[in-house]
Each structure stands twice: as C-alpha cells, then as structure tokens.
Amino acid sequence: MTYELEIQIEELRAELNNACDAAERHEIQTELELARAELAIITAEQDGSVDAEPPF
C-alpha cells in the first residue's frame, strides 16, 4: 500500500509542477497533502510509533 501511495505522491507532484490554473494547483496541492498525511500515518503504524487500534 505504501508503494502505491508513494507513486501517487510523485504523480501529484508532477501534476502540480505542470498546473497552470490556480484553482487546479490548489486542488492538486490538497490531494498531495492528504496523500502525504496518509503515508505518514501508515508509516507510523508500521513502525509502531502510533497505535493502529482506536482508544476505546
């Protein structure tokens, strides 16, 4: 799963570099931030630094 997210992040970065429209850049930037956050969470869960189970 992390490999797919890393690929998606690279694709979004490339799209962001080529985007001309400000609205399109904003949308891509938002998607990129969400993908990076998801990757960070998955990585933290795999490392054991974050508990994957809910607290209740």
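Now for the nonpolar core. Core analysis: the largest hydrophobic core is formed by 10 residues, namely Leu5, Ile9, Leu12, Leu16, Ala19, Ile28, Leu32, Ala35, Leu39 and Ile42. The set of elements that each furnish at least two residues to this core consists of α1 (2-18) and α2 (22-47). With five residues, the single largest contributor to this core is α2. For Ile28, the residues in contact, after removing those within four places along its chain, are Leu12, Glu15, Leu16 and Ala19.

With that out of the way, let us pick up the pattern of salt bridges. For the structure on display, the rule yields one salt bridge. Glu10 serves as the salt-bridge partner of Arg13, at 3.2 Å between the closest nitrogen and oxygen. One end of the pair is Arg13 and the other is Glu10, both in helix α1 and three residues apart, which spans about a single turn. Take Arg13: its relative accessible area is 38%, and that puts it in the partly exposed class.

Here we take up a negative patch on the surface. Negative charge collects at one region of the surface, where Glu11, Glu15, Asp21, Glu24, Glu27 and Glu31 lie side by side. Every element with two or more residues in the negative patch is listed here: α1 and α2. Of all the elements, α2 adds the most residues to the negative patch, at three residues. Mapped onto the fold, Glu31 is located in helix α2. Judged by relative accessible area, which is 34%, Glu31 ranks as partly exposed.

With 26 residues, α2 extends 37 Å from end C-alpha to end C-alpha; this agrees with the ideal 38 Å at 1.5 Å per step. Three or more residues of α2 are buried, namely Ile28, Leu32, Ala35, Leu39, Ile42 and Ala44. Next to the buried residues of α2 lie α1. The distance from a side-chain oxygen at the start of α2 to the backbone nitrogen of Ala23 is 3.2 Å, and the residue carrying that oxygen is Asp21. Gly48 lies just past α2 and shows a positive phi near 85 degrees.

Definitions and limits used
Residues numbered from 1 in each chain as written. Predicted model: local features only at pLDDT ≥ 70, side-chain atom pairs only at ≥ 80, totals over all residues. Heavy atoms only, no water. Core = buried A, V, L, I, M, F, W, Y, C linked by side-chain atoms within 4.5 Å. Buried < 20%, exposed > 50% of the residue type's maximum accessible area, 1.4 Å probe, protein only. Helix = DSSP H or I, 4+ residues; strand = E, 2+ residues; numbered from the N terminus. Contact = heavy atoms within 4.5 Å. Salt bridge = Lys/Arg side-chain N within 4 Å of Asp/Glu carboxyl O. Patch = residues over 30% accessible without salt bridge, like charges linked within 9 Å, V, L, I, M, F, W, Y side chains within 5 Å. Areas by Shrake-Rupley, 256 points an atom, 1.4 Å probe, with all protein chains shown as cover. Lys, Arg positive; Asp, Glu negative; His and termini not counted. Charge placed at Lys NZ, Arg CZ, Asp CG, Glu CD. Expected span 1.5 Å × (residues − 1). Polar contact = N/O pair within 3.5 Å; in protein donor to acceptor, adjacent residues only side chain to side chain.

Remember that the coordinates give geometry; whether it matters functionally is a separate question.
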